[in-house]
Amino acid sequence: MKLSKNLQILFIALAIIPFFQSTIGYKYPILGLGVQYSRYFFFGIIIILILINTHAFSFITRNTKIYLTISLIFIFFISAVVNNTNIVSVFQLSLYLLYPFLLFSVWADSSTGTLNICKGITYGLNTLVLINLSIMLFFPQGLYQTISSNTISYYYLFGAKNQMVAPIMTCLFFNMETAYRSYNKIITKTSLFMCFICAFELIIGGSGTGLIVLAAFMCLLELKHQKISSNLSLIVLLASFLAIVIFRIQNIFSFLIVDILHKSLTLSDRTYIWDAAIESILSHPILGTGITDSLSGNVHLKLSYLVKDIFAHDLYLDYLLMGGIPALCIFVCILISVKKSYDSFLNKKNTLIWWGIVVYLFASIVEIYTTNFCLFLMFAYINICDYSTRHRYIGQN
């Protein structure tokens, strides 16, 4: 797609904004409707651009990650049919998972470099994060509230406190990626300013998970200079999942968690939720229990002490619930393919977005971030960077 540098950045920023989770529709239904229709508008525009762009079409038809993502969606569809759950949710979820790959494919023949794509994502996210901050300051009680187990949750643009973590941290990841690729350093005036804004929102939102994620990302950036293998990061992720969710290693640190931090070893009842999820998975290991939530694609679990159903609070258990063992295996294949693309791209250009993915996946051990649009946005970004490099379209950037 032939656009000037600034128009390309602007188009990408506008094209991704509607796909981030927004609760604005609950407060202002007309705005929510506008966001929904803008998703369909940009999706339609991208499809048209792909059909008239031979490079984009070639990129899609030869892309392993896109085929794997389609296979994942197909498993979700089969599971929904077999379990008689919400098939419409599968189509809604597929829009979020495929859209980033389709959007970036339009620039598969670009000679201006993938840095413009990175900047477009960054500016779009910066806009949303600043809007979210404005809402938090002007509506401290949120756009609306919910009450569960005598706990009041305040909802802002991105949702409640832990729902905000994914878009806010993705914003931070891409700000540092832009700085690193542009100036070979992660600290610039813009990245430092947005780091402060992101941390401030997590603090006033009361998201302890978000602050832990922020600290983990900063630590990884320091360790990155030690040339830590991306393979090792996957091993650590697997070990962390097994230790926390399966073997409950946190019980060993009860003196710290209970006596000093005054927190529960159940991690805010997450261990009960994981037990219910594991029990359901063992009963339906092949195709899971199907997608039931039309907004996020998550499976809701029935717990005796809660009035409403709740999701698994773990990305990996959630995939097992939505599509069984095949779905999780395909997701792991996508992740491995992304890691290979990162390794290939890293040999030619400076990048650190893989460590954003690692931190996201680490946070997903104790949480699930709705549509996973942020995660697949990072997948698609690494994918187009690797493709552009291998086909010598990356240009001077």
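The rules behind each value
- Residues numbered from 1 in each chain as written.
- Predicted model: local features only at pLDDT ≥ 70, side-chain atom pairs only at ≥ 80, totals over all residues.
- Heavy atoms only, no water.
- Phe/Tyr/Trp six-rings, centres within 6.5 Å; stacked < 30°, edge-to-face > 60°.
- Helix = DSSP H or I, 4+ residues; strand = E, 2+ residues; numbered from the N terminus.
- Buried < 20%, exposed > 50% of the residue type's maximum accessible area, 1.4 Å probe, protein only.
- Salt bridge = Lys/Arg side-chain N within 4 Å of Asp/Glu carboxyl O.
- Axes fitted to C-alpha atoms, helices over the stretch in contact; angles between N-to-C directions.
- Parallel < 35°, antiparallel > 145°, perpendicular 65-115°, else oblique.
- Left-handed = near helix turned anticlockwise from the far one by under 90°.
- Contact = heavy atoms within 4.5 Å.
- Nonpolar A, V, L, I, M, F, W, Y, C, P; charged D, E, K, R; others polar.

With respect to the packing of aromatic side chains
The description of an aromatic ring pair uses the distance of the two centres, along with the angle that the planes make with each other.
Next, step 1: Considering all chains together, one arrives at 21 aromatic pairs under this definition.
Next, step 2: Ring centres 6.1 Å apart and planes at 75 degrees place the aromatic pair F11 and F42 in the edge-to-face group. Placement of the pair is F11 in helix α1 (residues 5-16) and F42 in helix α3 (residues 29-51), with a sequence separation of 31 residues.
Next, step 3: Accessibility expressed as a relative area gives 16% for F11, which makes it buried.
Next, step 4: For the ring pair Y319 and F331, a centre distance of 4.6 Å and an interplane angle of 25 degrees mean the geometry is stacked.
Next, step 5: Y319 sits in the buried class, given a relative accessible area of 1%.
Next, step 6: Accessibility expressed as a relative area gives 1% for F331, which makes it buried.
Next, step 7: A connected cluster of aromatic rings, assembled from ring pairs, spans F19, F20, F43, Y96, Y99 and F373.

Focus on unusual backbone geometry
Peptide bonds are trans in most cases, and residues, glycine excluded, mostly fall at negative phi.
Next, step 1: Of note in the backbone geometry, N184 takes a positive phi value of approximately 60 degrees without being a glycine.
Next, step 2: Mapped onto the secondary structure, N184 falls in the loop between α8 (165-183) and α9 (189-205).
Next, step 3: A positive phi angle, close to 55 degrees, is found at R248, a residue other than glycine.
Next, step 4: Examined against the element boundaries, R248 turns out to sit in the loop between α11 (230-246) and α12 (254-260).
Next, step 5: Judged by relative accessible area, R248 falls into the buried class, the value being 14%.

Considering the pattern of salt bridges
Next, step 1: Applying the stated criterion across every chain yields a total of two salt bridges.
Next, step 2: Across the pair R248 and D275 runs a salt bridge, and its minimum N-O distance is 2.8 Å. Highlighted residues: R248 in the loop between α11 and α12 and D275 in helix α13 (residues 270-283), separated in sequence by 27 residues.

Some words on the packing of helix α7 (residues 115-138) against α8
Next, step 1: In contact at an axis separation of 9 Å, α7 and α8 are set at 140 degrees when each is read in the N-to-C sense. In terms of orientation, α7 lies oblique with respect to α8. Two packed elements cross with a definite hand, and for α7 against α8 that hand is left-handed. When α7 is examined against α8, the residues L115, C118, K119, I121, T122, L125, N126, V129 and N132 are found in contact with a partner set consisting of P167, I168, T170, C171, F174, N175, E177, T178, R181 and S182.
Next, step 2: Here the contact of α7 with α8 is composed, by residue class, of nine nonpolar, seven polar and three charged.

Distances and angles like these do not, on their own, reveal function.
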